[in-house]
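Observations on the model geometry
The primary structure of each chain is shown beneath.
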Amino acid sequence: MMTPRGLFAALWLFATPALSAPRLTPVCEPVSAAEAAEGPRGFSPEVTQALDAIVRSELSQGPVAGLTVGVTRGAQRWVCGYGLRDVAKRLPATPRTTFRMASVTKSFTAVAVLQLVEQGKLDLDADIHTLVPGYPAKQWTVTVKDLLGHLSGVPTYDGLASSNNVKPVSTGEAISAFSEKPLAFEPRTRYLYSTWGYNLLGAAVEAASGKSYRDYLRENVFQPAGMEHADLDVTATRDEHQAVGYRVKDGVLKPSRFLDVSSRFGGGGTRATVGDMLGFGRAVLAHRLVKRDTMGKMQASMATRDGRLTDYGMGFATYPLRGHYLVAHAGGQPETTTLLVMFPAEDTVIALATNIEGEAKRLRRLSIRLMEGVLESGVTRRDAHFTDPVDSVVYEGLGRIASYGLAYHLWATRGPGTLPPDEDLPGAFARVSELLDRKLIGKDAKAALERIRSGHDPKLGSVFIRVGAQMARTLEKAHGPERLLAYPAEGPLSFFADYLAACEAQGVPDTERFGEPLRGDLLRFVAGWKRAEVPELLRLRLDETKNPEAHWPALKKTAVLSPDVRPDYSDELLRVAEGFAWRKQSANRVRWLERAVELQPRSVDARWALSQALLTVKRDGEVLAHLQEALATPQGALALAPMSFLKRVVMDSETPRVGLGLVRAAVALHPESPELWEALAKREKAQGHPAEAKAALRQARRAREARPPESTAEPANRAGVDRGTGPVPDDHGLVRPRQSL
């Protein structure tokens with residue numbers, strides 16, 4: 001038996017970079033000789049080597065324990081375990097390793113509910129109170145459909161006591177934990193991610209089926225999907241293959257705290273292997289669990305009453321990702337982080353599970369890289385960086401039209417989806433041209449960007465979806481269906497350039513064409529992009545090279561060759577800097593972040609990351625200037641508005657000191673916000689600064705008194721492109737990445 005001192009040593013060694021190579025040797029799902037000869041199950045050796053390299057590169061940056069990765073496309077399948085499922089015992093993660101599913105459970109629960117709806121045993125419009133008597137009637141009716149889409153107003157965890165259960169509880173006890181709490185808002189007026197809401201759905205499954213939640217899932221979801229090892233996560237179902245959970249603190253792995261997940265059974269109480277996750281994904285795409293029409297409705301984003309899409313359907317996060325229609329769910333709680341991503345139009349599933357908490361950002365990033373490897377021929381897709389604010393807003397509009405249009409067209413023609421009603425197409429094209437008008441954008445770039453970011457919403461007639469889908473149909477006629485699959489890797493400039501050419505060849509009516517100055521903008525963007533491309537980086541990411549320094553001279557040259565528009569390398573440069581951060585090489589970290597700002601001076605993410613690094617090395621005086629520069633951009637004006645700023649701090653600040661420094665900068669940028677002053681007071685008090693805390697509270701009172709009566713704080717946002725679902729303890733939805741378009 002290992003002593004505590006020996007365990008500490010093992011953990012310390014495990015977090016040491018020098019030991020990365022041995023522990024990353026994967027244990028992969030075997031493929032028989034016959035299967036290898038016939039080639040029905042395995043990807044080509046070139047693809048599997050590329051996927052393996054992607055995973056190894058990701059895990060080489062920062063401490064890792066165990067990770068299992070699975071990918072299927074059609075009949076092709078690849079599943080490998082990396083690292084250790086049990087650090088103390090040095091047991092490897094394998095395809096057989098089981099992990100807590102956390103919030104991926106919500107997708108299982110949603111399928112169970114819709115099965116019962118198809119059987120006539122549940123009604124989507126039924127009041128949940130009539131199905132679960134232990135949940136009393138509220139001030140407004142809460143329907144099953146509201147709960148499925150997180151539009152019910154049922155609150156989420158409101159403190160550690162409500163989310164840190166350590167004893168097994170029954171269904172009734174799990175419901176009673178929140179049954180007396182009032183609704184947070186009138187249903188369908190807002191989106192609020194709620195695990196408690198899915199507990200109500202789990203209870204409804206029991207009431208409608210006459211079976212326990214566990215028995216119903218095993219018989220009607222897990223078994224039909226071939227999920228051999230899936231079950232509720234209770235002590236009795238665990239075996240030697242269950243992963244031991246860890247969290248990272250100060251760069252070192254620590255054991256997870258204990259949590260009994262029976263208190264969140266319907267929203268986060270299952271366990272499974274990555275192979276089981278793939279089985280569920282395959283069953284979803286093949287419509288083996290519910291009918292095709294039903295699954296199409298589950299995969300369609302719901303909307304608030306005022307016509308804003310939530311990016312969440314019934315049990316799945318769902319939205320375009322660079323022209324792919326993505327259906328997914330993420331999960332996180334003590335012992336685990338999970339991610340299931342499905343692409344219905346491409347018949348592809350990606351599943352990831354790790355036994356380290358708080359790894360949502362890593363798994364999201366890894367899933368995108370695996371998507372590129374499988375669906376985009378390994379091409380490194382980059383957005384464009386513009387020095388002119390109007391150009392940046394126009395480009396974002398182009399990106400959204402291309403992404404939404406292509407994704408929805410493919411989802412409707414190759415998947416179970418449907419398009420918005422195709423009414424008044426000339427009017428939709430006219431509205432898009434108005435949204436992208438340079439003169440209007442130049443008058444108020446922030447307001448123009450807000451309108452553009454709502455161009456896909458029903459409240460604006462879903463014009464981006466309708467126009468983009470019509471463009472995709474035209475391109476499909478001109479170049480064939482396979483050509484459409486190349487645009488996600490090539491980007492919106494290629495999509496629009498080809499469309500303009502196709503308009504001439506296909507005789508597209510003038511009402512479906514784009515005139516000047518948009519045509520001129522597009523030609524200018526394409527020319528600048530071509531001048532700035534670095535050929536050796538077309539299939540190579542800077543953060544995945546052994547020597548990114550060797551490429552820096554070429555990157556600096558791009559800024560000279562094309563000062564107005566060039567590929568955006570900020571994400572890769574930030575990843576290079578992150579690698580130095582966890583190795584405690586602060587000077588190198590700051591240097592690469594300063595390079596990111598030098599190359600992309602209008603990047604909000606680069607300025608934000610540099611601000612955190614400067615606070616870490618106690619160069620506090622330089623932070624405000626960088627955040628002011630970021631706030632001056634249209635994107636920054638939205639991303640760093642008071643409540644959005646505060647959400648970023650909560651989700652992304654590295655240490656309490658860094659968080660305090662960011663909030664101090666926030667009140668300097670927004671002295672009129674009482675919410676920011678109140679947040680500052682709490683952080684000053686927590687850091688042992690009582691005088692500063694009292695001063696901040698005085699400022700909060702003054703700001704609140706000065707606020708006009710009709711003015712309120714920024715409303716809580718839906719789950720959207722730049723808003724996400726907001727932080728909640730442990731379980732969470734799939735927060736949409738910045739590179740979504």
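It should be emphasised that the depicted structure is a prediction, and the values quoted were computed from it without experimental measurement.

Definitions and cut-offs
- Residues numbered from 1 in each chain as written.
- Predicted model: local features only at pLDDT ≥ 70, side-chain atom pairs only at ≥ 80, totals over all residues.
- Heavy atoms only, no water.
- Salt bridge = Lys/Arg side-chain N within 4 Å of Asp/Glu carboxyl O.
- Helix = DSSP H or I, 4+ residues; strand = E, 2+ residues; numbered from the N terminus.
- Axes fitted to C-alpha atoms, helices over the stretch in contact; angles between N-to-C directions.
- Parallel < 35°, antiparallel > 145°, perpendicular 65-115°, else oblique.
- Contact = heavy atoms within 4.5 Å.
- Nonpolar A, V, L, I, M, F, W, Y, C, P; charged D, E, K, R; others polar.
- Pairing = 2+ DSSP bridges.
- Buried < 20%, exposed > 50% of the residue type's maximum accessible area, 1.4 Å probe, protein only.
- Polar contact = N/O pair within 3.5 Å; in protein donor to acceptor, adjacent residues only side chain to side chain.
- Core = buried A, V, L, I, M, F, W, Y, C linked by side-chain atoms within 4.5 Å.
- Disulfide = S-S within 2.5 Å.
- Arc of directions from axis to C-beta.
- pLDDT = per-residue confidence, 0-100.
- Phe/Tyr/Trp six-rings, centres within 6.5 Å; stacked < 30°, edge-to-face > 60°.

In this section: the pattern of salt bridges. Counted by the stated rule, this structure contains 55 salt bridges. Between D233 and R100 there is a salt bridge whose closest N-O contact spans 2.4 Å. Of this pair, D233 sits in the loop between β6 (231-232) and β7 (246-249) while R100 sits in strand β5 (residues 98-100), and the two are 133 residues apart along the sequence. Across the pair E186 and R305 runs a salt bridge whose closest N-O atoms are separated by 3.2 Å. Placement of E186 in the loop between α9 (171-176) and α10 (195-209) and of R305 in the loop between α14 (292-298) and β10 (317-321) is noted, with a sequence separation of 119 residues between them. One network of salt bridges, with partners in common, ties together E58, E359, R362, R365, R541, D543, D571, R575 and E578.

Put simply, helix α16 (residues 389-414) and helix α19 (residues 445-452) touch, their axes get as near as 10 Å, and they point 0 degrees apart. It follows from the interaxial angle that α16 and α19 lie roughly parallel. Where α16 approaches α19, its residues V393, E396, G397 and R400 are matched on the opposing element by A445, A448, L449 and I452. Within the contact of α16 with α19, the residues separate by chemical class into five nonpolar, one polar and two charged.

The next subject is the sheet that holds β6. Across the sheet, which stays open at both edges, the three strands sit in the order β5-β9-β6 with antiparallel pairing between neighbours. The open sheet is flanked by β5 and β6, the only strands paired with a single partner. Two elements, β6 and strand β9 (residues 270-273), share two bridges in a ladder whose sense is antiparallel. Across the sheet, residue D231 finds its bridge partner in β9, namely R271.

Time to look at the environment of E684. Position of E684 relative to the elements: it lies in helix α33 (residues 674-686). Look at E684 and you get buried, because its relative accessible area is 3%. Apart from residues lying up to four places away in sequence, E684 is in contact with L660, R664, H689, E692 and A693. At 2.8 Å, the side chain of E684 and the side chain of H689 are in polar contact.

Of all hydrophobic cores here, the largest spans 106 residues; its most connected members are L148, F280 and L370. Not counting chain neighbours up to four residues away, the residues in contact with L370 comprise L51, I54, V55, V69, V71, I350 and L352. Among the nonpolar cores identified, the runner-up in size contains 48 residues, and L542, F645, L662 and L676 belong to it.

For the structure shown, the criterion picks out one disulfide. Covalently, C28 is tied to C80 through a disulfide, its sulfur atoms 1.9 Å apart. Residues C28 and C80 share a disulfide whose torsion about the S-S bond is about 105 degrees; that sign makes it right-handed. One end of the pair, C28, is in strand β1 (residues 27-28); the other, C80, is in strand β3 (residues 76-86), with 52 residues separating them in the sequence.

Turning next to the pairing of β9. Residues T270 and A272 line one face of β9 and the alternating positions R271 and T273 line the opposite face, and both faces are buried. Two elements, β5 and β9, share three bridges in a ladder whose sense is antiparallel. Within β9, the residue paired with R100 across the bridge is R271.

We now examine helix α29 (residues 623-631). Among the residues making up α29, those that are buried are V623, H626, L627 and A630. Seen end-on, α29 carries its buried residues on one side only, within an arc spanning 95 degrees. Close packing links the buried residues of α29 with α28 (604-616), α30 (634-639), α31 (642-652) and α32 (656-669).

The next point concerns the confidence of the model for the chain. Residues at a pLDDT of 70 or more form 91% of the chain, whose mean pLDDT is 90. Below a pLDDT of 50 lies the segment residues 1-22, which in the model reaches 24 contacts outside its immediate sequence neighbourhood of four places, other chains included. Predicted confidence is poor over residues 712-733, with pLDDT under 50, and the contacts of this stretch with residues over four places away or in other chains come to 77 contacts.

The final tally for this structure, using the stated rule, is 20 aromatic pairs. Centre to centre, the rings of F108 and F280 are 4.8 Å apart; their planes meet at 75 degrees, and the pair counts as edge-to-face. In this pair, F108 is assigned in helix α5 (residues 105-118) and F280 in helix α13 (residues 274-285), connecting sequence segments 172 residues apart. On the basis of relative accessibility, which here comes to 1%, the residue F108 falls in the buried class. Among the residues examined, F280 registers a relative accessible area of 0% and is labelled buried. When the centroid spacing of 4.1 Å and the interplanar angle of 5 degrees are considered together, the rings of Y325 and W411 count as stacked.

Moving on: the environment of M302. Residue placement: M302 occurs in the loop between α14 and β10. Sequence separation between M302 and Y312 is 10 residues, and the spatial gap between their C-alpha atoms is 6.1 Å.

What follows is about the side chain of S194. Relative to the assigned elements, S194 resides in the loop between α9 and α10. Assessed through its relative accessible area of 3%, S194 is described here as buried. Here V154 takes part through its backbone oxygen, which lies 3.3 Å from a polar atom of the side chain of S194. Among the polar contacts made by the side chain of S194, one reaches the main-chain carbonyl oxygen of P155 at a distance of 2.9 Å. The contacts of S194, once residues within four sequence positions are left out, are K106, H150, V154, P155 and T156.

Here the focus is unusual backbone geometry. For the bond running from E516 to P517, omega is 5 degrees, close enough to zero to count as cis. Here P517 shows up in the loop between α23 (492-506) and α24 (518-532). For H150, which is not glycine, the phi torsion reads 60 degrees and is therefore positive. You can see H150 is positioned in the loop between α7 (144-148) and α8 (160-163). The exposure class assigned to H150 is buried, which follows from its relative accessible area of 1%. Despite not being glycine, H287 has its phi angle at roughly 60 degrees, a positive value. In this structure, H287 sits in the loop between α13 and α14.

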